[in-house]
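Report on the structure
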Amino acid sequence: MNFVELRELETERLNLRRVRFDDLYDYYERLGSDGEVTKYLTFDPHQDIGETLERLEKTLAEYEDGGRYCWVITVKGEDELIGIFDLLALDESDNSCTFAYMLGENWWGKGYATEAMKAVFDFAFEELEVELIRGSHFSGNTASGAVMRKAGMTHVGTVPGKYEKRGQLHDGEIYELRRAAPAALTANEYQKKAMGTLNPELSKRDVLINGVMGLCGEAGECIDLVKKHLHQGHELDTKAMARELGDVAWYLAETAYALDLSLEDILRGNLEKLKNRYPKGFDSARSINR
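Note that residues are indexed from 1 along each chain, following the sequence as it is written. Per-residue local features are limited, in this predicted model, to residues with pLDDT of at least 70; the limit for side-chain atom pairs, both in listing and counting, is 80 or more; totals at the level of whole chains, interfaces and linings are taken over all residues. Side-chain numbers come from the whole structure's heavy atoms, not from hydrogens or water.

1. Some points on the overall build of the protein
Secondary structure elements follow DSSP: runs of H or I of four or more residues count as helices, runs of E of two or more count as strands, with numbering from the N terminus. In terms of helices and strands, the protein carries nine helices and eight strands. Here the radius of gyration uses the C-alpha set of atoms, whereas the globule reference equals 2.2 Å times the residue count to the power 0.38. Expected size for 290 residues packed as a compact globule is a radius of gyration near 19 Å; at 27 Å, the protein overshoots this value by more than 25%. Throughout, exposure labels follow a simple rule: accessible area from a 1.4 Å probe, protein chains only, divided by the maximum for the residue type, with under 20% read as buried, over 50% as exposed, and the rest as partly exposed. Out of the 290 residues in the protein, the part that is buried amounts to 37%. Taking the intrachain contacts of the protein between residues at least 6 apart in sequence as the baseline, contacts between residues at least 24 apart amount to 64%. Any two residues having at least one pair of non-hydrogen atoms within 4.5 Å are treated as being in contact.

Laid out in structure tokens, this is it:
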């Protein structure tokens, strides 16, 4: 899991930002004290604004400590709180998290909850590198279930008596959403994206020199890892090796770029050479006598 700073999120119609102290009144009036909003939540409506203040101050303090991901939902151009969305229980052991949200009654039925949920899920998957998002709701809260399904979640079961409210047990519906496997990446796509991090002040000559020197240096890093494994009793660090191989790939892309060659053409040329050399697969005699 990759803990990063909470940032503002933007959708077609919404902005999601940090909680502020001046959200207090809207938080109380539109969410905390509304019996319909809190009907399927584990807490009762706030009886006075002091309860809401305590919750808001706790969030602000946790921002300072880091690791708190709580957004105020606002409609673009208005910047007034209409809801809250929280990522919770971030678990590094399996890269998972849960979430909770509230949306004011006046904004129900407009698709805002789904829109906000998708934006937060994208943040969780792309920036926090979460692998699994779990969600749940009171079985009677069918609207929340519809929002989760529209956001891509899958219903995986029902837990009897999951929630307790006012001395009564309520069943809970459980949902999950796993991080999608990354899309296939072609060699040329990699080269284009990798060269987006190239120093733009280098001349083509300097790019070429930097590329071939980098290839030698990163190959040496790979050799050093294997040397430590074979001769110094170290475990072979495959994660470190993967990072070094990635650096080799970057310098290969840079060298090809300096020569106005594409990685795909280089790879195809190499395969064609191997096909001609070993038309039926590797052959020791052909290797010795080539």
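Once you've had a look at it, read on.
2. Considerations on the pattern of salt bridges
Criterion for a salt bridge: a side-chain nitrogen of Lys or Arg within 4 Å of a carboxyl oxygen of Asp or Glu. Per the stated rule, a full pass over the model turns up 22 salt bridges. Across the pair Glu80 and Arg30 runs a salt bridge whose closest N-O atoms are separated by 3.2 Å. Here Glu80 is found in the loop between β3 (69-75) and β4 (81-91), whereas its partner Arg30 is found in helix α1 (residues 24-32), with 50 residues between them in sequence. Between Glu264 and Arg268 there is a salt bridge; the shortest N-O distance is 3.4 Å. Taken together, the residues Glu264 and Arg268, both in helix α8 (residues 263-277) and four residues apart, mark about one turn of the helix. Overall, Arg268 belongs to the exposed group, its relative accessible area being 51%. Taken together, the shared-partner salt bridges connect Arg17, Arg20, Asp22, Asp23 and Asp79 into one network.

3. Let's talk about the packing of helix α6 (residues 204-231) against helix α7 (residues 238-258)
A fitted line through C-alpha atoms serves as each axis, taken over the contacting stretch for helices, and the angle formed by two N-to-C directions is quoted from 0 to 180°. Where α6 meets α7, the axes come as close as 8 Å, and the angle between the chain directions of the two elements is 160°. One finds that α6 runs roughly antiparallel with respect to α7. Handedness of the crossing formed by α6 with α7: left-handed. In the contact of α6 with α7, the residues fall into 17 nonpolar, four polar and six charged. By the definition adopted for this analysis, an angle is roughly parallel if under 35 degrees, roughly antiparallel if over 145, roughly perpendicular if from 65 to 115, and oblique otherwise. Crossing handedness is defined as follows: a turn of the near helix away from the far one that is anticlockwise and smaller than a right angle gives a left-handed crossing, while the clockwise case is right-handed. Just so you know the grouping, Ala, Val, Leu, Ile, Met, Phe, Trp, Tyr, Cys and Pro go in nonpolar, Asp, Glu, Lys and Arg go in charged, and all remaining residues, Gly too, go in polar.

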